[in-house]
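What follows is the residue order along each chain.
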Amino acid sequence: MFGFIRQRAACRGNHASSLERGIRATALRTFSSSGKEMTVRDALNSALDEEMSADPKVFLMGEEVGEYQGAYKISRGLLKKYGPERVRDTPITEAGFTGIGVGAAYYGLKPVIEFMTFNFSMQAIDHIINSAAKSNYMSAGQISVPIVFRGPNGAAAGVGAQHSQCFAAWYGSCPGLKVLVPYSSEDARGLLKAAIRDPDPVVFLENELLYGESFPVSAEALDSSFCLPIGKAKIEREGNDVTITAFSKMVGYALKAAEILAKEGISAEVINLRSIRPLDTSTINASVRKTNRLVTVEEGVPQHGVGAEICATVVEESFYYLDAPIERIAGADVPMPYAANLERIAVPQVDDIVRAAKRICYRSH
Amino acid sequence: MACSATAKIIHNPLLLSSSRSAEKSDSCCKMLGPSSFLGSTSMSKKLVSVNKGASRVSRRSANVVAVSSDVVKEKKLKSSSAASSLLITKEEGLVLYEDMVLGRAFEDMCAQMYYRGKMFGFVHLYNGQEAVSTGFIKLLKKEDCVVSTYRDHVHALSKGVPAREVMSELFGKTTGCCRGQGGSMHMFSKEHNLLGGFAFIGEGIPVATGAAFTSKYKREVLKEDCDEVTLAFFGDGTCNNGQFFECLNMAALWKLPIVFVVENNLWAIGMSHLRATSDPQIWKKGPAFGMPGVHVDGMDVLKVREVANEAIARARRGEGPTLVECETYRFRGHSLADPDELRDPAEKAHYATRDPITALKKYILENNLASEAELKAIEKKIDEVVEDAVEFADESPVPARSQLLENVFADPRGFGIGPDGKYRCEDPKFTEGTAQV
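In the annotation of an unreviewed UniProt entry, chain B is listed under the name Pyruvate dehydrogenase E1 component subunit alpha and assigned to Sesamum indicum. Regarding chain B, the relevant UniProt record gives this comment under Cofactor (unreviewed entry): "thiamine diphosphate".

With an unreviewed UniProt entry as reference, chain A is termed Pyruvate dehydrogenase E1 component subunit beta, source organism Sesamum indicum. A UniProt comment under Cofactor (unreviewed entry) is attached to chain A, and it reads "thiamine diphosphate". You can read under Catalytic activity (unreviewed entry) in the UniProt record for chain A the words "N(6)-[(R)-lipoyl]-L-lysyl-[protein] + pyruvate + H(+) = N(6)-[(R)-S(8)-acetyldihydrolipoyl]-L-lysyl-[protein] + CO2".

A. Region of the structure containing the sheet that holds strand 10 (residues 242-246) of chain A. Residues and elements named next belong to chain A. Taken together, the five strands give an open sheet; going across it, the order is 9-11-10-13-14, and neighbouring strands pair in mixed fashion. Bordering the open sheet on either side are strand 9 (234-237) and strand 14 (327-329), each of which pairs with just one other strand. Each strand axis lies, on average, 25° off the axis of its neighbour in the sheet, ignoring direction. Sitting on the sheet, helix 13 (residues 306-318) touches strand 10, strand 13 (294-297) and strand 14, and the angle it makes with strand 13 is about 155°.

B. The pattern of salt bridges, seen in detail. What the rule picks out here adds up to 52 salt bridges over all chains. In this structure, A:R150 and A:E206 form a salt bridge, with 2.6 Å as the shortest nitrogen-oxygen distance. Of this pair, A:R150 sits in strand 5 (residues 148-152) while A:E206 sits in strand 7 (residues 202-206), and the two are 56 residues apart along the sequence. The same class applies to A:R150 as to A:E206, namely buried. Put simply, B:E319 and B:R314 hold a salt bridge, and the shortest N to O gap is 3.8 Å. Judged by its relative accessible area of 7%, B:R314 falls in the buried class.

C. Main features of the nonpolar core. Residues A:F149, B:F136, B:F213 and B:F260 are the most contacted members of the largest nonpolar core, which totals 150 residues. Top element by residues in this core is helix 5 (residues 90-115) of chain B. It accounts for 13 residues. In this structure B:F213 touches A:F59, A:M61, A:R88, A:I100, A:A104, A:L109, B:W254 and B:L256, once residues within four positions along its chain are discounted. Of all hydrophobic cores here, the second largest spans 65 residues; its members include A:V58, A:Y82, A:F215 and A:I266.

D. Expanded view of the pairing of strand 7 of chain A. Residues and elements named next belong to chain A. Counted residue by residue, strand 7 has five buried out of five residues, so it is predominantly covered. Residue alternation in strand 7 divides its side chains into two sets, V202, F204 and E206 and V203 and L205, and both sets are buried. Where strand 5 and strand 7 come together, five bridges link them in parallel fashion. Across the sheet, the residue bridging to V148 is V202, located in strand 7. Across three bridges, strand 6 (residues 178-180) lies against strand 7 in parallel orientation. Bridge assignment links V179 to a residue of strand 7, and that residue is V203.

E. Molecular detail of the packing of helix 11 (residues 249-263) of chain A against helix 15 (residues 350-362) of chain A. Residues and elements named next belong to chain A. Relative orientation of the contacting elements helix 11 and helix 15 amounts to 50°, with a least axis distance of 8 Å. Between helix 11 and helix 15, the interaxial angle falls into the category oblique. Viewed along their axes, helix 11 and helix 15 form a crossing whose handedness is right-handed. Between helix 11, through Y253, A254, K256, A257, I260 and L261, and helix 15, the contact on the second element is made entirely by V350, I353, V354, A357 and K358. Looking at the contact of helix 11 with helix 15 residue by residue, the class counts come to nine nonpolar, no polar and two charged.

F. The arrangement of the packing of aromatic side chains in detail. Counted under the stated rule, the structure contains 24 aromatic pairs over all chains. Plain terms: the ring middles of A:F319 and A:Y320 are 5.1 Å apart, the flat faces sit at 80° to each other, and that makes the pair edge-to-face. Aromatic ring contacts, followed pair by pair, group A:F97, A:F115, A:F118, A:F149, A:F167, A:W170 and A:Y171 into a single cluster. When the ring centre of A:Y68 is taken as reference, the NZ or CZ atom of A:K73 above it lies at 4.0 Å. Positioned above the aromatic ring of A:Y107, the side-chain terminus of B:K218 is 4.7 Å from the ring centre.

G. Up close: the UniProt feature "domain: Dehydrogenase E1 component" (unreviewed entry) in chain B. Sites flagged by UniProt as "domain: Dehydrogenase E1 component" (unreviewed entry) map to residues 99-399 of chain B. The span residues 99-399 of chain B shows a helical share of 46% and a strand share of 12%, and its end C-alpha atoms are spaced 30 Å apart.

H. Up close: the interface of chain A and chain B. Facing the 53 residues of chain A at the interface are 54 residues of chain B. Buried area between chain A and chain B, summed over both chains or domains, comes out near 4300 Å², and the portion from carbon and sulfur atoms is 64%. Summed over the three residues of chain A that lose the most area to chain B, namely A:Y107, A:Y137 and A:M138, the buried surface amounts to 20% of that side. The interface formed by chain A and chain B includes one salt bridge. Residue A:K178 pairs with B:D411 through a salt bridge whose shortest N-O separation is 3.6 Å. Remark: the boundary between chain A and chain B carries 19 residue pairs in polar contact (both at pLDDT 80 or more). Secondary structure elements with two or more residues in the side of chain A that touches chain B: strand 2 (58-62), strand 3 (87-89), helix 5 (94-106), helix 6 (125-133), helix 7 (135-138) and helix 12 (281-291) of chain A. In terms of residue count, the dominant contributor to the side of chain A that touches chain B is helix 5 of chain A (10 residues).

I. Molecular detail of a negative patch on the surface. Residues and elements named next belong to chain B. Negative charge collects at one region of the surface, where D383, E387, E391 and E395 lie side by side. With respect to the helices and strands, the residue E391 is situated in helix 16 (residues 372-395). Look at E391 and you get partly exposed, because its relative accessible area is 48%.

About the cut-offs
- Residues numbered from 1 in each chain as written.
- Chains lettered and ligands numbered in written order.
- Predicted model: local features only at pLDDT ≥ 70, side-chain atom pairs only at ≥ 80, totals over all residues.
- Heavy atoms only, no water.
- UniProt positions renumbered as here; feature names shortened; annotations may be inferred.
- Pairing = 2+ DSSP bridges.
- Helix = DSSP H or I, 4+ residues; strand = E, 2+ residues; numbered from the N terminus.
- Axes fitted to C-alpha atoms, helices over the stretch in contact; angles between N-to-C directions.
- Contact = heavy atoms within 4.5 Å.
- Salt bridge = Lys/Arg side-chain N within 4 Å of Asp/Glu carboxyl O.
- Buried < 20%, exposed > 50% of the residue type's maximum accessible area, 1.4 Å probe, protein only.
- Core = buried A, V, L, I, M, F, W, Y, C linked by side-chain atoms within 4.5 Å.
- Parallel < 35°, antiparallel > 145°, perpendicular 65-115°, else oblique.
- Left-handed = near helix turned anticlockwise from the far one by under 90°.
- Nonpolar A, V, L, I, M, F, W, Y, C, P; charged D, E, K, R; others polar.
- Phe/Tyr/Trp six-rings, centres within 6.5 Å; stacked < 30°, edge-to-face > 60°.
- Lys NZ or Arg CZ within 6 Å of the ring centre and 35° of its normal.
- Buried area = accessible area lost by both parts, 1.4 Å probe.
- Polar contact = N/O pair within 3.5 Å; in protein donor to acceptor, adjacent residues only side chain to side chain.
- Patch = residues over 30% accessible without salt bridge, like charges linked within 9 Å, V, L, I, M, F, W, Y side chains within 5 Å.
- Areas by Shrake-Rupley, 256 points an atom, 1.4 Å probe, with all protein chains shown as cover.
- Lys, Arg positive; Asp, Glu negative; His and termini not counted.
- Charge placed at Lys NZ, Arg CZ, Asp CG, Glu CD.

Laid out in structure tokens, this is it:
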């Protein structure tokens, strides 16, 4: 990512320091200047820690969450603090332990089930959908399922086709589930805490490459009762010319693209969706009615994707406000290749977003 | 380490406890032959579905009656008072009889209603298997959990869900136990701790294991006084499913208070158990994971009850799970849509002679626990209950259109934010048929 930016800087003749400042400014943009930074990993860890200490019914279950401190170290330190009954290492039995989590939720506990990656959730998807998502409905409200399924989603770096799928669109089409996609540390903390407290099943899609990234956090976000509302998107950057919607890692790319567009005189509004189901269509539509142009960005494949759903709702609700066709930026319609150069072009990059935004801005001139 | 745990099979539960403890220490690593099991015919019974041997027929039906009276004889030797030589008291006997008759009458009425068009979709009836449901569930407390499959009407009735509510649910009326939103295959009752009703076979097993996990968690982590047990009911076909083995492993590993009850009725729709399973003796799969595996004659409610008693007590004491295989049979097809052409009529006739209700009635009458008149009175009462349930269901209203969007989430804000920027559930038109979601 940074290699690319530096290249552009070289050919555009911008000196490095202002670009660096620009990148940091992107991150610092919307926060109060408390000065504290936190990685997404620490944010998730602290959210789990606080929720487990507040409610003894919350427990964590998954592969390697205990003694290994978490496959991606998200649950570091929790085994020592809460003991092996509350931080359970399981055998490699996704269907089994997911079902056990659902049964425990039926009967009164609040499990957090970790999938090492969401690709493995496919072995347990029957329980996520049939016994968790549908149960409140099938039992007419008698059995609610206060469970959280969390883990990394989407492409990492060179992990191949079976470890790189994005499941936002799959889970986003299931009634009865809430699907959250945090980007920054504040998102991670607030949304995970909200998810654990929520009485319904929540699929919490993290991103492995974001775990190590640092974001500033406000004092408010560090408070132990901090929660973000489920179903509300966030406007990460305000703008007037084009709306760019994105979620998870793509928010970072969209923000970088917005920086580049700003230098060309295009003011982009970046929306961090935060929640795939329920989708905050009212924020998206309000933004489109302001800017009249829309680019949707996602890592998954275009067909039946999140962008497709956003396009459909915007066309339904704000058709007459559009000055140009909607641009859908998505991953290539292939299983993820292994070769690094192929992987790079299979996933949207910043310049794809920039080009798309420019296309729809010039189209009406 | 594994030896005594893996090979311990509960056997001869009807022998008094003093002799049993001696046997426990003897049975280390000794796999008991099924012939020593009361009512167990596991070695030979599996061939019934293939052969029509009349000799087997007579031997088996002889077994049912003979074994009961053998047990009675044994008990008579050990005690002097005639009353305590029986397996059940009069009250217990009548409770068991009433429960089984309710199950049978209810399912027969379901068939009638289905063919009259009042009930629809997939309906799976439990005729013939009542001994398993009654034998196990009547030993539970209200707080104990039952998790079942799509063949769940009778489990619901045994657990205490009123017949009216179950019938209404089947008719799809709003007075059903799930307000008509679940249907035949998805019976849930929070009050009676019936945690479903699952259409996918094997799906209920991890859920039941989770409920047992909660029981243990409540006791050990939350320090509550909790000894609730969970029963998971499932069939022979399910025992080839991956989730079954995953849960046997985890239940034994974490010593969860659960009893895995296999209702082996030899058929999974049209697939015979023998054609589908490399080793058809399901009870053997328990010791492979470190829990006792028991085989019992599922057409005899008293035997089932004795085995169930021990297995449930084991779980309550914290000794971990048990796998109980009940040899049983469904008199009807897999569902009301199944023409049931693959099963041998001789096999069906044979099992019809082993009807659990007839067997219990015979036991009660032979041992003078109750008179014919009392049993008839129970049957009449049940007929009235079932008739009343049908009437109630018939007269109940269908769900209002607004009910369509209800209960998707426990937190209604889960539907998100509407075009006016407020939560959709705050829109007064939200649950009307015209609401935009």
